[in-house]
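Analysis of the macromolecular model
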Amino acid sequence: MENPVPAPAPAAYACMIVRKPAEEVFRAFADPAVTTRFWYSGSSGPMVAGAELRWEWETYGAAVDVRVEEVQEGRLIRFAWGTYEQPTTVELRFTPHAAGATFVEVAETGFQGSAEAAVRWVNDTVGGFTTALCALKALLEHGIELNAVPDHHPAS
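Not measured: the values here are computed from a predicted model.

Structural notes on unusual backbone geometry
Backbone geometry at Ala99 places phi at a positive 55 degrees, although glycine is not the residue there. Structurally, Ala99 is set in the loop between β6 (87-97) and β7 (101-109). The backbone of Asn147 sits at a positive phi, close to 60 degrees, despite the residue not being glycine. In this fold, Asn147 is placed in the loop between α3 (115-142) and α4 (148-152). What makes Asn147 partly exposed here is its relative accessible area of 45%.

Here we look at the nonpolar core
Core analysis: the largest hydrophobic core is formed by 37 residues, its most contacted members being Phe29, Trp39, Trp55, Phe79 and Trp81. At the level of elements, β1 (12-18), α1 (22-30), β3 (52-57), β4 (62-72), β5 (76-82), β6, β7 and α3 are the ones that each hand at least two residues to this core. With 7 residues, α3 is the single largest residue contributor to this core. Apart from residues no more than four positions distant in its own chain, Phe29 is found in contact with Thr35, Phe38, Trp39, Tyr40, Met47, Ile77, Leu92, Phe94, Val104, Leu133 and Leu136.

Some thoughts on the pairing of β5
Burial runs high along β5: 5 of the 7 residues are buried. For β4 and β5, the ladder comprises 6 bridges, and the chain directions are antiparallel. Residue pairing in the sheet places Glu70 in a bridge with Arg78 of β5. The antiparallel pairing of β4 with β5 creates a hairpin that spans 3 residues between the two strands, and Gly74 there sits at a positive phi of about 75 degrees. With 7 bridges connecting them, β5 and β6 associate as antiparallel partners. Its bridge partner being in β6, Arg78 is matched across the sheet by Glu91. Counting the residues that bridge the hairpin from β5 to β6 gives 4 residues.

Thoughts on the environment of Thr89
Structurally, Thr89 is set in strand β6. Put simply, Thr89 and Gly110 are 21 residues apart on the chain and 6.2 Å apart in space, counted from C-alpha to C-alpha. With residues near it in sequence (within four places) discarded, Thr89 still touches Glu69, Arg78, Phe79, Ala80, Ala107, Glu108 and Thr109.

Calculation rules
- Every chain is numbered independently, its residues counted from 1 as its sequence is written.
- In keeping with the model being predicted, local features are shown solely for residues with a pLDDT of at least 70 and side-chain atom pairs are shown and tallied solely at 80 or more, while totals for entire chains, interfaces and linings include all residues.
- Note that the side-chain values use all heavy atoms of the structure and ignore hydrogens as well as water.
- Only DSSP runs of H or I reaching four residues or more are called helices, and only runs of E reaching two or more are called strands; each is numbered from the N terminus.
- A 1.4 Å probe rolled over the protein chains alone gives each residue an accessible area, and that area as a share of the maximum for its type sets the label: buried under 20%, exposed over 50%, partly exposed in between.
- By convention a nonpolar core is built from buried Ala, Val, Leu, Ile, Met, Phe, Trp, Tyr and Cys residues, the set being connected through side-chain atoms within 4.5 Å.
- Residue contacts are defined here by distance: any two heavy atoms, one from each residue, within 4.5 Å place the two residues in contact.
- Paired strands, as defined in this entry, are two strands with at least two bridges between them according to DSSP.

Right, dumping it as structure tokens:
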């Protein structure tokens, strides 16, 4: 009997072209003065390598600890977040694209638990990052604050 090859661990992926230079799009994620306009409502500091941060989503009464693992100015931010028992890793990539635009990619890995829990987690993550990327695009390209993240899961 052959040894079955384990299925690859699930990964969440979202992407979007933002029609601004990579340095500006990178800064939008690295600088909480900008990020709070499209994603989370509060941060204890900027995204710099080695930083240990606390992010808050006031609307949801939620917060998460973030450990910034790697930063390549204008190109990459990698961080771990979640609980210390079950952290996941998020990688934000900023690739210059045609005519001063940037291709932004978000990948999250390290999901644990049952297959059902992992699928639910991946699905929520893809939806959440897609919503944040749409809000980022509206802010940087048009100066519009969509409030898409707070409105993503309204209270009943």
